[in-house]
Amino acid sequence: MLVTTKPSLADRFDQKVFDAIYSRALVYNTCWEDPAVDRLVLNIGPDDRILVITSAGCNVLDYALVGPAAIHAVDANPRQNALLELKLAGIRRLEFDDFFAAFGHGHHPGFERLYRAELRAELSPFAQSFWDKRVRWFGHPRGSFYFHGLSGVVAKSFHAYLRVRPRLAASICELFETRSLDDQRHVYDTRVQPLIWSPTINWTLSRQLTMSMLGVPHPQRKEVQEQHERGVAGFVRESIDYVFRQLPVWTNYFWAVYVNGRYTPDCCPEYLKPDNFTALKQGRADCIELHTSTVSELLASTRQRFSKYVLLDHMDWMSSYAPQALAEEWALILERARADARIIFRSAHAAPSYLEALEVSPERGRLRDCLQFHPELAAQLQPLDRVHTYAGFHIADLAV
């Protein structure tokens, strides 16, 4: 039985704010999980049927490049699926240069015309309605698509902050121009780190509104606070210190897009590379099927069995606010899993308590007893993660 603490008045208020934001907006304009690490874990093959939470669709397209039998992309937020629909329409109907201008640079001055003439008819009614009102996100002469959506608003706000901190802005620019780890560490340690951790930044990172804009609900923030003595700001600082001291910045497109507002041909997701774009256009993307629903709703509606699950981090908030729904979701995941299935998910906590306490069903018993986890493999691969904002990376197979 999963025991949860009754939410305080402040917790309930924060959750209402998050729900209000999430139910009305595109939250993620790019994925914030490293698919290169996922590929190492999943070992995707031609007979795999994958269930993945859509997010911004970047990683769905990345997995499709490997050539699985099917990818079912599911998201309860229809705006996230609308973004993947637009990318898929662009892959089918656009030439690479136009596609990269829109989704690489985040700016294409003629994108509205292309949308009306080539893309709109490829979309579902909801996606048409959504993009009819927002297609100009790609065409603003001084803007970028990656400064829109909730996470984009945070990135745009950081850019505004840099305009009043020109020394910090110049230092960050120099950091992203380095091409060796020694140079990168030197610039970060001597020019960026002494300037960036101001009281303003620490205060902003500690606000739940900021976290909500980044798609982090209150339960996840509490998980971070409980395991890090310096709270959310301290955890974020530790993560950023690691990223910019230990991982090559010139291949880290996750952070580069929010710092620069755009990808470059040399630093971008796999689906934005010419040969991969061609492979998707020539059929690799055909394995993708979209579902606007919860994970449980999708699994309850199908008899298909899945060999790979990519569940991101949504279970953190479910464990606090919907523990029964979480138990039901896990029961369905196990019921629809192939015997050789592998499940990966991330968490704000290195060892989330629900993994030990959750009882899937009276017949199956505890979740922990239904799965065989691989903590050594997770610990080996997590340091390679170029995002590095999750304390927990979890890999599990069905228990034999």
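A brief structural summary. If you're wondering where the values come from, they're calculated on a predicted model, not measured in any experiment.

Reading guide: rules and limits
- Residues numbered from 1 in each chain as written.
- Predicted model: local features only at pLDDT ≥ 70, side-chain atom pairs only at ≥ 80, totals over all residues.
- Heavy atoms only, no water.
- Salt bridge = Lys/Arg side-chain N within 4 Å of Asp/Glu carboxyl O.
- Helix = DSSP H or I, 4+ residues; strand = E, 2+ residues; numbered from the N terminus.
- Buried < 20%, exposed > 50% of the residue type's maximum accessible area, 1.4 Å probe, protein only.
- Pairing = 2+ DSSP bridges.
- Axes fitted to C-alpha atoms, helices over the stretch in contact; angles between N-to-C directions.
- Contact = heavy atoms within 4.5 Å.
- Nonpolar A, V, L, I, M, F, W, Y, C, P; charged D, E, K, R; others polar.
- Expected span 1.5 Å × (residues − 1).
- Core = buried A, V, L, I, M, F, W, Y, C linked by side-chain atoms within 4.5 Å.
- Bend = angle between axes of the 7 residues up to and from the residue.
- Polar contact = N/O pair within 3.5 Å; in protein donor to acceptor, adjacent residues only side chain to side chain.
- Parallel < 35°, antiparallel > 145°, perpendicular 65-115°, else oblique.
- Left-handed = near helix turned anticlockwise from the far one by under 90°.
- Disulfide = S-S within 2.5 Å.

What follows deals with the pattern of salt bridges. Across all of its chains, the model carries 25 salt bridges by this definition. The partner of glutamate 118 in a salt bridge is arginine 93, with the nearest N and O atoms 2.9 Å apart. Taken together, the positions of glutamate 118 in helix H6 (residues 111-119) and arginine 93 in helix H4 (residues 78-93) put the pair 25 residues apart, joining distant regions of the chain. A residue is classified by how much of its surface remains accessible, and glutamate 118, at 27% relative accessible area, is partly exposed. Residue aspartate 385 is joined to arginine 346 by a salt bridge in which the shortest nitrogen-to-oxygen separation is 3.6 Å. Note that aspartate 385 is positioned in the loop between helix H22 (375-381) and strand S9 (392-398) and arginine 346 in strand S5 (residues 337-347), a separation of 39 residues in sequence.

Attention now goes to the sheet that holds strand S4 (residues 306-310). Read across the sheet, seven strands follow the order S3-S2-S1-S4-S5-S9-S8 without closing on themselves; strand pairing throughout is mixed. With partners counted over all chains shown, the strands left at the sheet margins are strand S3 (288-292) and strand S8 (371-373), one partner each. Here the strands of the sheet are splayed against their neighbours by 20° on average, with no regard to which way each runs. The pairing of strand S1 (residues 49-53) with S4 spans three bridges and is parallel. Its bridge partner being in S4, isoleucine 50 is matched across the sheet by lysine 308. Contacts from H4 reach strand S2 (70-75) and S3, with the element oriented near 155° to S3.

A few words now on the pairing of S4. Put simply, side chains in a regular strand alternate between the two faces of the sheet. For S4, the tally of buried residues reaches five of five residues, placing the bulk of the element in the interior. Relative to S5, S4 runs parallel, the two sharing four bridges. If you follow valine 310 over to S5, its bridge partner there is isoleucine 344.

Between helix H8 (residues 149-163) and helix H9 (residues 166-177), the shortest axis-to-axis distance is 6 Å and the interhelical angle comes to 120°. Every residue of H9 that contacts H8 at Phe158, Tyr161, Leu162 and Arg163 is listed here: Pro166, Leu168, Ala169 and Ile172. Across the contact of H8 with H9, the residue classes break down as seven nonpolar, no polar and one charged.

For helix H19 (residues 323-335), which comprises 13 residues, the first-to-last C-alpha distance of 18 Å matches the rise-based estimate of 18 Å (1.5 Å per residue) to within 8%. Those residues of H19 not exposed but buried are Leu326, Ala327, Glu329, Trp330, Ala331, Leu332, Ile333 and Leu334.

What follows covers the nonpolar core. Core analysis: the largest hydrophobic core is formed by 122 residues, its most contacted members being Phe103, Trp131, Ile288 and Trp330. Residue contacts for tryptophan 330: discarding those within four places in its chain leaves Met315, Ile343, Phe345, Tyr354, Leu358, Val360, Leu367 and Leu371.

What follows is about helix H10 (residues 181-196). Compared with an ideal rise of 1.5 Å per residue, which puts 16 residues at 22 Å, H10 spans 20 Å between its outermost C-alpha atoms and falls more than 12% short. Remark: the principal bend of H10, roughly 40°, maps to tyrosine 188.

In this fold, tryptophan 197 is placed in the loop between H10 and helix H11 (199-205). Here tryptophan 197 falls in the buried class, since its relative accessible area comes to 12%.

Turning to its location among the elements, asparagine 59 is positioned in helix H3 (residues 58-64). Within the structure, the side chain of asparagine 59 is placed 3.0 Å from the backbone oxygen of glutamate 33, a separation counted as a polar contact. Excluding residues that lie within four positions of it along the chain, asparagine 59 makes contacts with Cys31, Glu33, Pro35 and Asp38.

Two elements in contact, H9 and H10, have axes separated by 9 Å at closest approach and are oriented at 160°. By the angle between their axes, H9 is roughly antiparallel relative to H10. The handedness of the crossing between H9 and H10 comes out as left-handed. In this structure, H9 uses Arg167, Leu168, Ala170, Ser171, Ile172, Glu174 and Leu175 to contact H10, whose residues at the interface are Gln184, Val187, Tyr188, Arg191, Val192, Leu195 and Ile196. Across the contact of H9 with H10, the residue classes break down as nine nonpolar, two polar and three charged.

This part covers the state of the cysteines. Going through the model one piece at a time under the given rule, you end up with zero disulfides. A disulfide-free cysteine, cysteine 268 has its sulfur positioned 7.3 Å from the sulfur of cysteine 267, the nearest such atom.

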